[in-house]
Each structure stands twice: as C-alpha cells, then as structure tokens.
Amino acid sequence: MPMKGRFPIRRTLEYLQKGDIVLKNRVKIMTVNYNTSGELSDGARKFVFFNIPQIQYKNQWLQIMMFKNMTPSPFLKFYLDDGEQVLVDMEGKDYKQISQHVKKILGKSEEVLQAEAQAKMQASNPANFGPRKYCLRECICEVEGQVPCPGATPLPKEMTGKHRARMAAAAAQE
Amino acid sequence: MFQVIGGRGVQVTRLLAPGRAVLVEAVRGRKSRTDTVAKSKQGRIKVPPPVDPTEMVVLKERYAEYEMITRALRLEFKEEVLRKKYEEETGSMAEEHRALMVFNDQENLRMLQQRVVRIQMEKEEAENKQVEAAIERELQQQEFIKEKEREILKLQEDAKNFITLENLDQRIEEALDSPKNYNFAVDKEGRVVKQTMLQ
C-alpha cells in the first residue's frame, strides 16, 4: 500500500534531494522528445524515468514538457529567457552521460550552489528576532525554557516593573 | 450626487474637469442614511470649487506633458536598474556560457556524424538483405518448377501401368493367376514374418 509503481524509490524525499542538477536561472523551459520503443532511445527513456523527478524537485519553477514518438531520434531542448534555444542530442547515450552533460552545460556549479546556501544561512540567523517573514522567532518568549509571554500568563509580582519601581521608591524614601 | 450630461457636453466637461486620476463619489462617512443632518449643515448645498476654463485647459495640457515625462523617466530608471542586476548576473557568465555552448555544439556534431555512419550501414544492410531475398525467391521458384516437372514425369511413368478398358480382362486374369498373401506374424521381440501358410 505505501509502495506504488515500478521503482517506488523515485518517490522518496531522500532520492529527490540527492538530485544534483540545479539549472541556471536563465533556463525557463525544458523539452524532452523521446520514443517509447527502440534501442537508441533507451538512455533517453531511463533519463526521463529516473532523473526528471530529481530535476523538477530541484528546479521547482522550471517548466518541463515531454513529447513521445514525435521524432525518430531523442533530444532535449532548453529555452533560455533571452530566447536562446539549446539543443542536446540524446541518441544512443547512456542516461548517466546525459545527466552529466546537462549538468556541465547548463547546471549551476558547486561554488555557486555553496555561495547560495551560505547566503540563505545568513538570512535565517537564529540570533535575529523580528517578523516571521525575515526571522525565525518574533520574541524570546517563544523559546523553550525562557520566561513565558506575559500576554498568556501574568508575570509573578516581583518581576513586574511596577513592583520594582515601588520597592525602589520605598527604599529611597527610607 | 451624480451629474448626468449627455452628448457634446461630455467633451466640454472632460476638457474643463480637473484631471484627477480618482473620481471620488459621495462617501457615506460616519453617519448612516437615517441620521439627521447636523444643525450647522441644514441648508448646505455642496458646490464644487470654481474652475477657470482657460486656466484649466492650459493647466491640463501642462500637467499631462509633465506627468508623461516624469512617468517615462521613472520607468527608464527602473528598467536600467533591472537591466544592471540582470547584467551583473549573466554578464559575468557570458564567456563561460559561450564556451559551454560551443562544447555542446561539438558534442552534437559528433553524434550527428555517428548517426550518419550508422544510417549508412543500416541502408547497406537493408539493400543486401533485399538482394539476398530476391535471389532466394528466384531459387524457390526454380525449385518449385523442378518439383512440378518431376511430378509430371512420375505421372507419365505411372500412366503406363494404369488399368484401361483394353487391359481390363488381361489384368483380371493376371490378378487371379497370382494370389497375394497379405498375412504376417509378429512375435514379442518385434520380428515380422511375412512368409506364412496360405489357407
């Protein structure tokens, strides 16, 4: 009941997160033309079956379209945002070779990915308190083990500023 | 309060109306429909501010021109900022991108050559197969003809031994003269004995 399809591992989060093809921001549309039968289209079919879910997971805003049995030979076409089209021939190649080739020509390099990860980490600094949009927490009262929000439970009298001020005034009077 | 003006009056009013972007209708405000009007506002008739026609026309033209210019400038600056941001992202990658595209083109060319060679070989194989099939078919036909000829000859040979009306009496005499014994015996070892006693 939890396992659906021929290779249910493709549906696991771990598998999807292992995908290493993150395409550049300029790539907007990816089109895959392949055939459902034929020895030469085998690599293309495996690429579609195994790697496309990973690519879509890592590039959520990329539009991917598949076309079956339209041309005699399989190919990939990438449409960039300035109108440029990049054609990648897939005939006779292995699916691993295809994914490596795509990663090389249009994928973000390791340094770029790491820089982006660093920037994201800096943005989500747990030491910052503020609106939910920019920070993790809004007030220290949300943290486990800290004084709870006085809006939810009233503070003990000794901790209120009113009491302290009265004590200070009484001490000063004496 | 609404003003219903029809026909040519519309153009005049458009010319004379202050060119405000938003047309504000009478808004309800704090008091509801049934609340009484305040004592100080009992006989008040709201009158729009007076408009000098010539001044209005001149002002409208000038404001239109001014706003057009400022809007154009604003958009220009916005576009420049966006383009700068885009350029700094992709401009630095332009050379590498070009190099990668060249690499991709070479790869495609290599695949193309491979494909051309493969198609050539496939075509030759197909042609060879066709020729062989034709030869095979020819051979088959020849065999067939030969077989048929053999059958005809065999039939001709057999025809000599047929029983016809002329041969009939002779053949009956021959058959009666030579009785044939079809009996045979088989033992448990499987040895067939054709020579038995005719009863």
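Just so it is clear, the structure is predicted and the values come from calculations on it, not from any experiment.

### Let's talk about the overall build of chain A
Each helix and strand counted, chain A has five helices and four strands in total. Each helix and strand of chain A, ordered N terminal to C terminal, gives the series α-β-α-β-β-β-α-α-α. Residues counted as buried form 30% of the 174 residues belonging to chain A. Long-range pairs, those at least 24 residues apart, make up 61% of the contacts in chain A with a sequence separation of at least 6. For chain A, the accessible area works out to roughly 11,800 Å², and carbon and sulfur atoms hold 57% of it.

### Side note on the overall build of chain B
When helices and strands are counted, chain B shows four helices and two strands. Ordered by position from N to C terminus, the α and β elements of chain B give α-α-α-α-β-β. Residue pairs at least 24 apart in sequence account for 41% of intrachain contacts in chain B once pairs closer than 6 positions are excluded.

### Section: the interface of chain A and chain B
Contacts between the two partners involve 19 residues from chain A, matched on the other side by 14 residues from chain B. Carbon and sulfur atoms supply 55% of the area that chain A and chain B bury against each other, a total of about 1,500 Å² over both sides. Our count for the chain A to chain B interface comes out at four salt bridges. Here Lys93 of chain A ties to Glu107 of chain B by a salt bridge, and the two come within 3.8 Å at their closest N and O atoms. Applying the counting rule to chain A against chain B returns eight residue pairs in polar contact (both at pLDDT 80 or more). Breaking the side of chain A that touches chain B down by element, the ones donating at least two residues are strand E4 (85–89) and helix H3 (95–106) of chain A. Here the side of chain A that touches chain B is built from residues that sort into seven nonpolar, three polar and nine charged.

### Remarks on helix H3 (residues 94–159) of chain B
Spanning 66 residues, H3 of chain B covers 96 Å between terminal C-alpha atoms, matching the ideal 98 Å at 1.5 Å per step. For H3 of chain B, every residue scored as buried is listed here: His97, Leu100, Met101, Asn104, Glu107, Asn108, Met111 and Arg115 of chain B. Among the structural elements, strand E3 (75–80), E4 and H3 of chain A are those in contact with the buried residues of H3 of chain B.

### Observations regarding the confidence of the model for chain A
Note: predicted coordinates in regions of low pLDDT should not be interpreted at a detailed level. For chain A, per-residue confidence averages 93 on the pLDDT scale, and residues scoring 70 or more make up 99% of the total. Element-level pLDDT for chain A is lowest in helix H4 (residues 110–123) of chain A, with a mean of 88, against a maximum mean of 97 in strand E2 (residues 63–68) of chain A.

### Points about the sheet that holds E2 of chain A
If you walk across this open sheet you meet the four strands as E2-E1-E3-E4 (chain A), and the pairing is mixed. Looking along the sheet, the strands with just one partner apiece sit at the ends: E2 and E4 of chain A. Averaged over all pairs of adjacent strands, the angle between their axes in this sheet comes to 15°, without regard to strand direction. Note that E3 of chain A and E4 of chain A share five bridges and pair antiparallel. From the neighbouring strand, Leu76 of chain A faces E4 of chain A, where its bridge partner is Val88 of chain A. Sitting on the sheet, helix H2 (residues 42–58) of chain A is in contact with strand E1 (27–34), E2 and E3 of chain A, with an inclination near 160° to E1 of chain A. Sheet strands in contact with H3 of chain B are E3 and E4 of chain A, and its direction is about 40° off that of E4 of chain A.

### Section: the pairing of E3 of chain A
Relative to E3 of chain A, E1 of chain A runs antiparallel, the two being bridged by six bridges. Each bridged residue has a counterpart across the sheet, and for Met30 of chain A the counterpart in E3 of chain A is Phe78 of chain A.

### Digging into the packing of H3 of chain A against H3 of chain B
Where H3 of chain A contacts H3 of chain B, the two axes come as close as 8 Å, and the packing angle between them is 150°. When the axes of H3 of chain A and H3 of chain B are compared, the pair comes out roughly antiparallel. Where H3 of chain A approaches H3 of chain B, its residues His101, Lys104, Ile105 and Leu106 of chain A are matched on the opposing element by His97, Leu100, Met101, Phe103, Asn104 and Glu107 of chain B. Of the residues that constitute the contact of H3 of chain A with H3 of chain B, the class distribution is five nonpolar, three polar and two charged.

Conventions we followed
Residues numbered from 1 in each chain as written. Chains lettered and ligands numbered in written order. Predicted model: local features only at pLDDT ≥ 70, side-chain atom pairs only at ≥ 80, totals over all residues. Heavy atoms only, no water. Helix = DSSP H or I, 4+ residues; strand = E, 2+ residues; numbered from the N terminus. Buried < 20%, exposed > 50% of the residue type's maximum accessible area, 1.4 Å probe, protein only. Contact = heavy atoms within 4.5 Å. Areas by Shrake-Rupley, 256 points an atom, 1.4 Å probe, with all protein chains shown as cover. Buried area = accessible area lost by both parts, 1.4 Å probe. Salt bridge = Lys/Arg side-chain N within 4 Å of Asp/Glu carboxyl O. Polar contact = N/O pair within 3.5 Å; in protein donor to acceptor, adjacent residues only side chain to side chain. Nonpolar A, V, L, I, M, F, W, Y, C, P; charged D, E, K, R; others polar. Expected span 1.5 Å × (residues − 1). pLDDT = per-residue confidence, 0-100. Pairing = 2+ DSSP bridges. Axes fitted to C-alpha atoms, helices over the stretch in contact; angles between N-to-C directions. Parallel < 35°, antiparallel > 145°, perpendicular 65-115°, else oblique.

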